[in-house]
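Take a look at the letters that make up each chain.
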Amino acid sequence: MKELINDAEHVIFDSLKGVAAAHPDTQRVDLDNRIVYRAQPPRPGKVGLVSGGGSGHEPLHSGYVGAGMLDAACCGEVFTSPVPDQISAATNAVNTGAGVLHIVKNYTGDVMNFDMAAELSAAEGVEVATVLVNDDVAVQDSLYTAGRRGVGLTVFVEKIVGAAAEQGRELGALKELGDRIVANGRSFGIAITPCTTPAAGKPSFELAEDEMELGIGIHGEPGRERVKLGPASDVAHQLVEPVLADLDFTGAPVIAMLNGMGATPLIELYLLYGEVAPLLASNGVDVARHLVGNYITALDMGGASLTLLRADDELLDLWDAPVNTPGLRWGC
Amino acid sequence: MKELINDAEHVIFDSLKGVAAAHPDTQRVDLDNRIVYRAQPPRPGKVGLVSGGGSGHEPLHSGYVGAGMLDAACCGEVFTSPVPDQISAATNAVNTGAGVLHIVKNYTGDVMNFDMAAELSAAEGVEVATVLVNDDVAVQDSLYTAGRRGVGLTVFVEKIVGAAAEQGRELGALKELGDRIVANGRSFGIAITPCTTPAAGKPSFELAEDEMELGIGIHGEPGRERVKLGPASDVAHQLVEPVLADLDFTGAPVIAMLNGMGATPLIELYLLYGEVAPLLASNGVDVARHLVGNYITALDMGGASLTLLRADDELLDLWDAPVNTPGLRWGC
Amino acid sequence: MSTTSLEKISAWLQEYARVIGEHEAELTDLDREIGDGDHGSNMVRGMRAVAGLDLAAFGDAASYLKKTGMTLVSTVGGAAGPLYGTLFLRMAGQLGSGDALDTAAFAGALKAGVEGVTQRGKSAVGDKTMVDALVPAVECLEEQASRGAELAAALPEAAKAADAGREATAALVARRGRASYLGERSVGHIDPGAASAALLIESAARTLV
Amino acid sequence: MSTTSLEKISAWLQEYARVIGEHEAELTDLDREIGDGDHGSNMVRGMRAVAGLDLAAFGDAASYLKKTGMTLVSTVGGAAGPLYGTLFLRMAGQLGSGDALDTAAFAGALKAGVEGVTQRGKSAVGDKTMVDALVPAVECLEEQASRGAELAAALPEAAKAADAGREATAALVARRGRASYLGERSVGHIDPGAASAALLIESAARTLV
Ligand SMILES: Nc1ncnc2c1ncn2[C@@H]1O[C@H](COP(=O)(O)OP(=O)(O)O)[C@@H](O)[C@H]1O
Ligand SMILES: Nc1ncnc2c1ncn2[C@@H]1O[C@H](COP(=O)(O)OP(=O)(O)O)[C@@H](O)[C@H]1O
Ligand SMILES: [Mg+2]
Ligand SMILES: [Mg+2]
Ligand SMILES: [Mg+2]
Ligand SMILES: [Mg+2]
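Residues numbered from 1 in each chain as written. Chains lettered and ligands numbered in written order. Predicted model: local features only at pLDDT ≥ 70, side-chain atom pairs only at ≥ 80, totals over all residues. Heavy atoms only, no water.

Novice: Just to check I follow, could you spell out the overall build of chain A for this structure?
Specialist: Each helix and strand counted, chain A has eight helices and 14 strands in total. For 332 residues, the compact-globule estimate of 2.2 N^0.38 gives 20 Å, and the C-alpha radius of gyration of chain A, at 19 Å, lies within 12% of that figure. When its C-alpha atoms are laid out on the principal axes, chain A stretches across 55 × 50 × 40 Å. By the burial criterion, 65% of the 332 residues in chain A qualify as buried. A separation of at least 24 residues holds for 74% of the contacts in chain A among residues at least 6 apart in sequence. (Helix = DSSP H or I, 4+ residues; strand = E, 2+ residues; numbered from the N terminus. Rg over C-alpha atoms; globule rule 2.2 N^0.38 Å. Buried < 20%, exposed > 50% of the residue type's maximum accessible area, 1.4 Å probe, protein only. Contact = heavy atoms within 4.5 Å.)

This is the structure in structure tokens:
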């Protein structure tokens, strides 16, 4: 175990102390409940946006709390979803009467805990709707799995729905918008080195020097397949093809994200994007907006994921709207 | 060697192709010369700002090319300074007649190559001044060393002098400003895991599970001392104390940066900042502005560095001025 | 239900907390192989909180079990939190406050709990989850109750059934929870939740006597 | 200087390029220990470019050496680029275009080159740099020249002196370049630049005969 921590049990609390110290002007941290709020409560009539999940994916989610994105993020233990009381507390706190939207990544634990939280808040008269993000094409969406995982697209949902909430749209409309993004977005990820959780203290899996995992998620879980690690030009194909095979991304402006899993240096991420971009173009994909960097990580895992969203003018406008969070900032 | 690259020899070229694809609106990449320029040439009368150095420290330097910071960055091979022709080409290209400021990190190779470039450009009638950044307190500044290394403070120099250049200040004034920042800034870094350069394909050093290096630079070079890795609360002391011992940071607003070396997850960096911030406060340091994140890295090294700048109202204003680069963005 | 039942149930969960602590690394390792490597620390966090509950605050076993369920829900998180939480909440609901803790009563309560788990988890036997250890235990207890067996005699049999269910998960392809992402690659590994569930029944066999 | 000198100098640098290629990993390893692990790849990049120069484009050894220096400066980067570049540029300046390539001429040219290195690098013997291999070679050549030795006889001696200088760097505390950051921790490691410099003189001994 090689980590800059005090002890594995207090990682979340200790790290949130740092968040509080780092962003005092824009965020407020409820250390007891492990909730990161915007420093300013939502203005009357605005729908509250709450997300959260296991920690270890930073900047997701707490790094996306701020003007133009989330009102609150609930931080679970590392790779463990937050608990219902916590989520319900955040939900109640950001409810102005206009209701609260939960943005939930599709994992059994997250779904159950957010569901129970929604029930708790509903019992207190808070209207709650949920957008379930399930964009990972590595997982078959069938009756015989827990369904597709929610991964990179979560960042897009939080940004775009966040901008729409800022405009004063209503809860139902925001849920519809979120569902539309989910219907039109897909992701796929690869890993070349595993990650180590503070609690386990051991790498999540072992990979030989010349191996990579295809179809990994964001929790250090092994992927669907282990293959030889080739040059970045091959990796680009391995990232792009499963995504394009799952949904038609031609004939519409696309928002793309090449995301680093945590330990992959930016120089490699750019290099990979240099392979991915022409590949997308040659497949008729018109990338109108894009991000290259670490936006949703798995601790110190080495690797990358690609997320594509089939957008339209409305989604692009919402994408371009000002945002001021530790993890994404533009227009202000 | 576990990297997302095509081959070690073409890493810089290939990665710059990705930079070109990633930031077409704000940057222009001269692939032949490995120079990243702002998409818009400097407006007449503005002093050109050129920096550069070995690659592998991304976002430094190419990620700081853009409005409010650099006009051009020269990308050397991994951990190898750029060459004079390249630097001179960038210098000449951003010269509007108002002269060009070189921001150079103090390494023998960088100093010699920038010096030769300045001579070449001077021979073509370009006025060149140089700010030499040497903020690393881990190195003794004596006749018997190459002097202190330039590390994290480089980000501050590029930001603050960049803002001043945008205001139309003259070359001499900018050099003075840069020198003032250098005189008032200090850094110190630690590593818990080494990095692997594409060319070497092997870790830069070996560290046992319970060891850390104190006083590392940004090139995977071993530090001055190897010690036991303690809890983050100890690491905070190990980072803060050498910096405070070297310069008085009380009685003035301070700009602070807790920087990740590349592979350290954000959750750990925040956790460490949660230890560093109160330690600074208890030492009478008034942190007026701060950054927590990966700003100047050493490929996939695990660890962190602390940079402090003793500022004043002018420096804070310049710090707050709008900046729009891939690596730093606010106010626009 | 008598104070004795409360004390017995408490002894059971204290023992379970101890055993979970002992097996933390093992559970986490199982979860590293086909999940995300946190099941051990999740269960330890939850059972430590349960073990810390003040027995004096409870009038009967049902209210203690209810608090146990709520404590697990609000401390564990992940999949295990709501599932184990539901298990104990439903057990509490089933156990009337006056019931004696005999084989039938315990079988009935556990059955209600496990039904809560399968409902919340939309899971069934064969999905390679904790359900694969719990359902055989319930079935065994029901069968023993129908034959009039004492709880002290029935539980060791139920624990064997749970252990067998746990072992059998190794051969299964996961269809619920994180392990389902692995598809065929999940085969050959014991499910961590089935392992913690088998420990729960084993703990009962050692304490509910 | 005669065409023969040009061909000889070219043979030297072709041989040096070959030898650098052969020792790339070794040089990089030395640099990993007390530097940043790039000296091998730096030198290979530069010497590959030098080896690719078209001999037909040069009228004499001096112009070829000048181009070699410029090529190293513009392809190597780091500390080695300007330093080795300066070495060859100064050698070119010292070697008149008519000079024969005898021991005195070569010693004089190399001396001018090495002085260029110490000026640019602000370094001296004992700083644990390439200078520690180069200066003994120059001194040896000068001494041999004063005794009227042939170049073919002098160079093997100079190579031995350079090798000895390289070995001696192990005992030194670095005072220039990256290794100086290590202070006392640099002791026990051979300087990578001294190693590449010793290879340069060894290559000369094999080709300038
Ligand atoms: N839908 C489900 N139904 C029943 N049990 C489940 C379900 N999903 C997961 N589990 C159980 O939960 C265990 C994992 O718990 P844990 O690791 O604590 O949570 P998480 O999967 O969120 O990390 C699995 O081993 C499995 O036995
Ligand atoms: N000031 C100097 N004077 C002479 N030689 C030097 C000086 N600084 C560095 N060197 C030589 O350069 C070598 C390192 O070259 P290289 O690794 O290619 O460049 P860098 O240090 O920039 O990575 C050192 O081993 C040393 O021999
Ligand atoms: Mg989990
Ligand atoms: Mg170098
Ligand atoms: Mg788990
Ligand atoms: Mg080097």
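Novice: When you look at the overall build of chain C in this model, what are you seeing that I'm missing?
Specialist: The helix and strand inventory of chain C stands at nine helices and zero strands. Tracing chain C from N to C terminus, the helices and strands come up as α-α-α-α-α-α-α-α-α. Relative to the 2.2 N^0.38 estimate, which gives 17 Å for 209 residues, the radius of gyration of chain C is 16 Å and therefore close to what a compact globule would have. Seen through its C-alpha atoms, chain C measures out along the principal axes to roughly 50 × 35 × 30 Å. A burial count over chain C gives 61% of its 209 residues as buried.

Novice: Got a minute to help me understand the pairing of strand S4 (residues 72-78) of chain A in this structure?
Specialist: Side-chain direction in a regular strand flips from residue to residue, so the side chains alternate between the two faces of the sheet. Residue and element names in this part refer to chain A. Among the seven residues of S4, seven are classified as buried, and the element is accordingly described as predominantly covered. As paired strands, strand S2 (residues 35-38) and S4 are joined by three bridges and run antiparallel to one another. Bridge assignment links isoleucine 35 to a residue of S4, and that residue is cysteine 74. Taken together, the five bridges between strand S3 (residues 48-55) and S4 define a ladder with parallel strand orientation. Following the sheet pairing, serine 51 is matched in S4 by alanine 73. (Pairing = 2+ DSSP bridges.)

Novice: Sorry if this is basic, but what is going on with the coordination of the magnesium ion (ligand 3) here?
Specialist: The magnesium ion (ligand 3) binds to the protein through Phe79 of chain A (O), Asp36 of chain C (OD) and Asp38 of chain C (OD), with metal-donor distances spanning 2.1 to 2.3 Å. Between the magnesium ion (ligand 3) and the magnesium ion (ligand 5), a spacing of 3.5 Å is present, and a bridge between the two is formed by aspartate 36 of chain C. Here phenylalanine 79 of chain A is found in the loop between S4 and helix H2 (84-93), whereas its partner aspartate 38 of chain C is found in the loop between helix H2 (24-34) and helix H3 (39-51) on a different chain. Each of the two residues, phenylalanine 79 of chain A as well as aspartate 38 of chain C, counts as buried. (Donors = N, O, S within 2.8 Å, 3.2 Å for Na, K, Ca; no water.)

Novice: What's the story with the coordination of the magnesium ion (ligand 4) in this structure? I'm lost.
Specialist: When a metal carries six donors in an octahedron, the ideal angles between them are 90 or 180 degrees, while four donors in a tetrahedron ideally lie at 109.5 degrees. Within the first shell, the magnesium ion (ligand 4) binds the protein through Phe79 of chain B (O), Asp36 of chain D (OD) and Asp38 of chain D (OD), at distances of 2.0 to 2.3 Å. The two metals, the magnesium ion (ligand 4) and the magnesium ion (ligand 6), are separated by 3.5 Å and share aspartate 36 of chain D as a common coordinating residue.

Novice: Explain the sheet that holds strand S7 (residues 185-193) of chain A here, please?
Specialist: All names here are of chain A. Ordered by their spatial adjacency, six strands build an open sheet running S9-S8-S7-S12-S10-S11, and the pairing between neighbours is mixed. Across the chains shown, the open sheet's two edge strands, defined by having one partner strand only, are strand S9 (225-228) and strand S11 (286-293). Each strand axis lies, on average, 20 degrees off the axis of its neighbour in the sheet, ignoring direction. For strand S10 (residues 253-260) and S11, the ladder comprises seven bridges, and the chain directions are parallel. By the bridge assignment for S11, leucine 258 is matched with valine 292. Strand contacts of helix H5 (residues 171-184): S7 and strand S12 (302-310), with the helix running at about 60 degrees to S7, the strand carrying the most contacts. Packing against the sheet, helix H6 (residues 232-246) makes contact with S7, strand S8 (211-214), S9, S10 and S12, and its axis sits at approximately 155 degrees to S7. (Axes fitted to C-alpha atoms, helices over the stretch in contact; angles between N-to-C directions.)

Novice: Just checking my understanding: could you explain the packing of aromatic side chains for this structure?
Specialist: Given two aromatic rings, their pairing is described by the distance between the two centres and the angle made by the two planes. Tallied over the entire structure, the rule returns twelve aromatic pairs over all chains. For the ring pair tyrosine 107 of chain B and tyrosine 181 of chain D, a centre distance of 6.2 Å and an interplane angle of 80 degrees mean the geometry is edge-to-face. With tyrosine 107 of chain B in the loop between strand S5 (100-105) and helix H3 (108-123) and tyrosine 181 of chain D in the loop between helix H8 (151-168) and helix H9 (192-207), this residue pair bridges two chains. Ring geometry for tryptophan 12 of chain C against phenylalanine 106 of chain C: centres 5.4 Å apart, planes inclined by 70 degrees, an arrangement best described as edge-to-face. Of the two residues, tryptophan 12 of chain C is situated in helix H1 (residues 3-22) and phenylalanine 106 of chain C in helix H6 (residues 103-121); the sequence distance between them amounts to 94 residues. Like phenylalanine 106 of chain C, tryptophan 12 of chain C is buried. (Phe/Tyr/Trp six-rings, centres within 6.5 Å; stacked < 30°, edge-to-face > 60°.)

Novice: I tried to follow the interface of chain B and chain D on my own but got confused; where do I start?
Specialist: In many reports, interface size means the accessible area that the parts give up when they come together. Counting residues at the interface gives 39 residues for chain B and 32 residues for chain D. Counting the surface lost from both chain B and chain D, the interface buries some 2,800 Å², and carbon and sulfur atoms represent 51% of this. The interface formed by chain B and chain D holds three salt bridges in total. Among the salt bridges present, the one from aspartate 29 of chain D reaches lysine 202 of chain B, with a minimum N-O distance of 3.0 Å. For the pair chain B and chain D, the interface holds twelve residue pairs in polar contact (both at pLDDT 80 or more). Of all the elements in the fold, those that place two or more residues in the side of chain B that touches chain D are strand S4 (72-78), helix H2 (84-93), H3 and strand S9 (225-228) of chain B. For the side of chain B that touches chain D, a count of residues per class yields 16 nonpolar, twelve polar and eleven charged. (Buried area = accessible area lost by both parts, 1.4 Å probe. Salt bridge = Lys/Arg side-chain N within 4 Å of Asp/Glu carboxyl O. Polar contact = N/O pair within 3.5 Å; in protein donor to acceptor, adjacent residues only side chain to side chain. Nonpolar A, V, L, I, M, F, W, Y, C, P; charged D, E, K, R; others polar.)

Novice: Please explain the pattern of salt bridges as it appears in this structure.
Specialist: Between side chains of opposite charge, a pair can form as their charged atoms come close. Considering all chains together, one arrives at 64 salt bridges over all chains under this definition. We note a salt bridge from arginine 180 of chain B to glutamate 314 of chain B, for which the minimum N-O separation is 2.4 Å. With arginine 180 of chain B in helix H5 (residues 171-184) and glutamate 314 of chain B in helix H8 (residues 313-320), this pair connects stretches of sequence that are 134 residues apart. Given the relative accessible area of 28%, arginine 180 of chain B is considered partly exposed. Here glutamate 314 of chain B falls in the partly exposed class, since its relative accessible area comes to 29%. Notably, a salt bridge pairs glutamate 142 of chain C with lysine 111 of chain C, separated by 3.1 Å at the nearest N-O pair. Here glutamate 142 of chain C, found in helix H7 (residues 131-146), pairs with lysine 111 of chain C, found in helix H6; they are 31 residues apart in sequence, far enough to count as distant.

Novice: Would you take a moment to explain the domain arrangement of chain A for this structure?
Specialist: Residue and element names in this part refer to chain A. Here chain A is described as being made up of domain 1 (10-183) and domain 2 (185-310). Relative to domain 2, the C-alpha centre of domain 1 lies at a distance of 23 Å. Contact between domain 1 and domain 2 buries roughly 2,300 Å² in total, counting both sides, with carbon and sulfur atoms accounting for 65%. Interface area lost by domain 1 to domain 2 is led by Phe79, Val137 and Phe156, which between them contribute 26%. At the junction of domain 1 and domain 2, the tally comes to two salt bridges. One salt bridge in this structure joins arginine 149 and glutamate 221, with 3.4 Å as the shortest N-O distance. Applying the counting rule to domain 1 against domain 2 returns 14 residue pairs in polar contact (both at pLDDT 80 or more). (Domains from an automatic or database assignment.)

Novice: Is there a simple way to explain the interface of chain A and chain B in this structure?
Specialist: Opposite the 61 residues of chain A that make contact, chain B presents 61 residues. Taking both sides of the interface into account, the surface hidden between chain A and chain B amounts to around 4,500 Å²; carbon and sulfur atoms contribute 64%. Ranking the residues of chain A by area buried against chain B places Lys2, Leu4 and Ile267 of chain A at the top, with a combined share of 21%. On the surface where chain A and chain B come into contact, there are zero salt bridges.

Novice: Which parts of the structure should I look at to understand the relation of the copies chain A and chain B?
Specialist: Turning one copy of the chain about an axis and sliding it along that axis gives the other copy, so a rotation and a shift relate them. For the pair chain A and chain B, the relating rotation is 180 degrees, the translation along its axis is 0.0 Å, and the fit reaches an RMSD of 0.0 Å. In symmetry terms, the pair is related by a two-fold rotation axis. Scanning chain A for the C-alpha nearest the rotation axis identifies alanine 263 of chain A, at a separation of 2.0 Å. Looking at the interface residues of chain A, 100% of them are also at the interface in chain B, so both copies use one shared face. (Least-squares fit on C-alpha atoms with pLDDT ≥ 70 in both.)

Novice: Quick question: what am I supposed to make of the environment of tyrosine 181 of chain C here?
Specialist: Judged by relative accessible area, which is 2%, tyrosine 181 of chain C ranks as buried. Linking tyrosine 181 of chain C and lysine 160 of chain C, residues 21 residues apart in sequence, is a C-alpha distance of 29 Å. When residues no more than four places from it in sequence are discounted, the contact partners of tyrosine 181 of chain C are Asn106, Tyr107, Val139, Ala146, Gly147, Arg149, Glu221 and Arg224 of chain A.

Novice: Would you mind showing me how to read the sheet that holds strand S3 (residues 48-55) of chain B here?
Specialist: In any sheet, the strands associate via hydrogen bonds between backbone groups, in a parallel or an antiparallel arrangement. Residue and element names in this part refer to chain B. The strand order across the open sheet built from six strands is S1-S2-S4-S3-S5-S6, with neighbouring strands paired in mixed fashion. In this open sheet, the two edge strands, each paired with only one partner strand, are strand S1 (27-30) and strand S6 (128-133). Pairs of neighbouring strands in the sheet enclose a mean axial angle of 20 degrees, with direction left out of account. As paired elements, S1 and strand S2 (residues 35-38) share four bridges and run antiparallel to each other. When the sheet's bridge partners are listed, arginine 28 is paired in S2 with tyrosine 37.

Novice: Where do I start with the environment of glutamine 94 of chain D in this structure?
Specialist: Residue and element names in this part refer to chain D. Along the chain, the position of glutamine 94 falls in helix H5 (residues 80-94). Taking the relative accessible area as the measure of exposure, glutamine 94 reaches 44% and is therefore partly exposed. When the C-alpha positions of glutamine 94 and valine 19 are compared, they lie 26 Å apart, and in sequence the two are 75 residues distant.

Novice: Looking at this model, I keep getting lost on the site of ligand 1. Mind explaining?
Specialist: Taken together, 21 residues form the shell around ligand 1, and within it His39, Ala79, Gly121, Ser123 and Asp191 of chain C come nearest. Around ligand 1 the close residues trace back to chains A and C. Contact between ligand 1 and aspartate 36 of chain C: an oxygen atom at 2.9 Å from a side-chain N or O atom of the residue. A distance of 3.1 Å is found between an oxygen atom of ligand 1 and a side-chain nitrogen or oxygen belonging to arginine 178 of chain C. If ligand 1 stood free it would expose 560 Å²; the protein chains cover 97% of that surface. (Near = heavy atom within 4 Å. Areas by Shrake-Rupley, 256 points an atom, 1.4 Å probe, with all protein chains shown as cover.)

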